[in-house]
Amino acid sequence: MCGAPASTVGWRDPGFIHTSFLKELWPNSLYTYRLGHRLNDDTYVWSQEYQFRASPYPGQNSLQRVIIYGDMGKEETDGSNEYNDFQKGSLNTTNQLINDLKDIDIVFHIGDICYANGYLSQWDQFTAQVEPIASTVPYMIASGNHERDWPGTGSFYGNLDSGGECGVAAQSMFYVPAENRAKFWYSTDYGMFRFCIAHTEEDWREGTEQYRFIEQCLASVDRQKQPWLIFLAHRVLGYSSGVNYVEEGSFEEPMGRESLQKLWQKYKVDIAFFGHVHNYERTCPVYENICTTEEKKYYKGALNGTIHVVAGGAGASLTEFAAPHPRWSLYRDYDYGFVKLTAFDHSGLLFEYKKSRDGKVYDSFRISRDYRDILACAVDGCPATTLAS
């Protein structure tokens, strides 16, 4: 830990944190497991039995269902007060996912995980809350400002939001397949999906190590096998009409999309997801502030732009929208909720936004296309040519 309260009054010895690597799992197979501990008298105590299903192989053509949200936090089940008592939607979101678990294959929690802010016991409360989910399906996270930021430690933002944790708690509690877990950017494949996860608390701009990683992640996917290319990050590097961004005049994290939008366009990213702003918002397929189609619900063929989604309303206190309603903003909701993606095959994807209070769908769209549509040229999406070439 790098500062107070994480290194002082917030510190609590977490004991041992174990990471287990299971090798040579057979794709799609159901595995049963339990956790145990040997006592001093050579007897054992065992947990209950859990089950998980191994991931599909990359490119597998089968039904695949993905949950995405940010900024959930945790909440007391008995309604009592707690430290950082502003995550009133957290239990509703958690309970909806538990109830729907049989129809979920993988979860992405894109930053601001539990708002421990340096009080380490809060991590135990959060992991207990999500245990029914994380013990059954992959629970992948991105790092946010409340996990990483602290002055003088190399974070892009020099604020006190992590409470002195500086990313240590998050990278210890959750394993991600990053080359350097302290940097917390990584890629992961799940069947027909390629996910590129950025770390907005480290510099992402052109010329940086993270920028090179993002381009490599987007460029290296075989879209014939994995047609659904998804970008995820915590702060809004794309588009948001949340009141704070609009007051800054940016409609984004300052300097957010200036470097990255040409990568999203060049490699034809389907959807970019963000948290940080505590509401829900969906754009049209957009490039440089311009909608690339008038369609809103059923996209056939090439998108010619990227759909940007703010899904930061999973639990923490909600963020107001600004009065201006930009043309690129198709749907805004000041409520708690999460997103579900369902890939039916290589040609069909369903997007659903569900509210946490009832689990019902309040916004949705479909994408229907084939591989030729991905190859089609879009504005700034193909190499420049001349008459000579």
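In case you missed it, the structure is sitting above this.
The following refers to the structure shown. (Residues numbered from 1 in each chain as written. Predicted model: local features only at pLDDT ≥ 70, side-chain atom pairs only at ≥ 80, totals over all residues. Heavy atoms only, no water.)

Digging into the packing of helix α1 (residues 90-99) against helix α2 (residues 121-134)
Our working definition: Geometry is summarised by axes, namely lines fitted to C-alpha atoms with helices restricted to the contacting stretch, and by angles between N-to-C directions that run from 0 to 180 degrees. For helices the rule is a DSSP run of H or I covering at least 4 residues; for strands it is a run of E covering at least 2, with both sets numbered from the N terminus onward. Relative orientations are named as follows: roughly parallel for angles under 35 degrees, roughly antiparallel for angles over 145 degrees, roughly perpendicular for angles from 65 to 115 degrees, and oblique for any other angle. A clockwise turn of the near helix away from the far one marks a right-handed crossing, whereas an anticlockwise turn of less than a right angle marks a left-handed crossing. We call two residues contacting when some pair of their heavy atoms lies within 4.5 Å. Ten residues, namely Ala, Val, Leu, Ile, Met, Phe, Trp, Tyr, Cys and Pro, are considered nonpolar, four, namely Asp, Glu, Lys and Arg, are considered charged, and the remaining ones, Gly among them, are considered polar.
At a minimum axis distance of 9 Å, the contact between α1 and α2 shows a crossing angle of 20°. As far as their axial angle goes, α2 and α1 are roughly parallel. Crossing geometry of α1 relative to α2 is assigned as left-handed. Every residue of α2 that contacts α1 at Ser90, Leu91, Thr94, Leu97 and Ile98 is listed here: Gln129, Pro132 and Ile133. Its residues assigned to classes, the contact of α1 with α2 comprises five nonpolar, three polar and no charged.

A word on the nonpolar core
Applied cut-off: Throughout, nonpolar core names a set of buried Ala, Val, Leu, Ile, Met, Phe, Trp, Tyr and Cys residues whose side chains join them through atoms within 4.5 Å. Exposed residues in this analysis have more than 50% of their type's maximum accessible area, buried residues have under 20%, and partly exposed residues fall in between, with area computed by a 1.4 Å probe over protein chains only.
Judged by nonpolar contacts, the single largest core of 58 residues is most densely connected at Phe108, Tyr139, Ile271, Phe273, Leu341 and Phe351. With near-sequence residues (within four places) excluded, Phe351 lies in contact with Ile271, Phe273, Tyr280, Arg282, Val309, Val339, Lys340, Leu341, Asp363, Ser364 and Phe365. Core analysis: the next-biggest nonpolar cluster, separate from the first, contains 26 residues, Ile214, Cys217, Leu263 and Val269 among them.

A word on the pairing of strand β10 (residues 228-233)
Counted only if it meets this: DSSP-based pairing: two strands are paired if at least 2 bridges between them are found. Looking down the strands as they point away from the viewer, one classifies a crossover as right-handed if the path from the first strand across the helix to the second runs clockwise.
Buried residues dominate β10, accounting for six of its six residues. Where burial is concerned, the two faces of β10 agree: the one with Trp228, Ile230 and Leu232 and the one with Leu229, Phe231 and Ala233 are both buried. One ladder, built from five bridges, connects strand β9 (residues 193-197) with β10; its direction is parallel. Within β10, the position partnered with Cys196 by the bridge is Phe231. A crossover connection joins β9 to the parallel β10 through helix α5 (residues 209-219); in handedness this β-α-β unit is right-handed. The pairing of β10 with strand β11 (residues 271-274) spans four bridges and is classified as parallel. Looking across to β11, one finds that Leu232 is bridged to Phe273.

Focus: the packing of α5 against helix α7 (residues 257-266)
At a closest axis distance of 10 Å, the pairing of α5 and α7 adopts a crossing angle of 10°. Comparing the axis directions of α5 and α7 gives the class roughly parallel. Residues Tyr211, Ile214, Glu215 and Leu218 of α5 touch α7, and the partners they reach there are Ser259, Leu260, Lys262, Leu263, Trp264 and Lys266. Tallied by class, residues from the contact of α5 with α7 come to six nonpolar, one polar and three charged.

Digging into the side chain of Gln87
Stated precisely, the cut-off is as follows: For the purposes of these results, a polar contact is taken to be a pair of N or O atoms within 3.5 Å, where, inside protein, one atom must be able to donate a hydrogen and its partner to accept one; residues adjacent in sequence count only when each atom of the pair is a side-chain atom.
By secondary structure assignment, the location of Gln87 is in the loop between β5 (64-69) and α1. A relative accessible area of 1% places Gln87 in the buried class. For Gln87, the side chain forms a polar contact with the main-chain nitrogen of Lys74, separated by 2.8 Å. Contacts of Gln87, omitting those with residues within four sequence positions, involve Met72, Gly73, Lys74, Glu75, Glu82, Cys114, Tyr115, Gly315 and Ala316.

Brief notes about α2
Note the following rule: An expected span of 1.5 Å times one less than the residue number is assigned to each helix. Here the bend at a residue is taken as the angle between two axes, fitted respectively to the seven residues that end there and the seven that start there.
Its 14 residues give α2 an end-to-end C-alpha distance of 18 Å, which sits within 8% of 20 Å, the value for a rise of 1.5 Å per residue. Ala128 marks the point of greatest bend in α2, at about 35°, and the proline Pro132 comes within the next four residues. Of all the residues in α2, the buried ones are Gln122, Trp123, Phe126, Gln129, Val130 and Ile133. Each element contacted by the buried residues of α2 is listed here: α1, β6 (106-110), β7 (139-142), α3 (145-148) and α4 (168-173).

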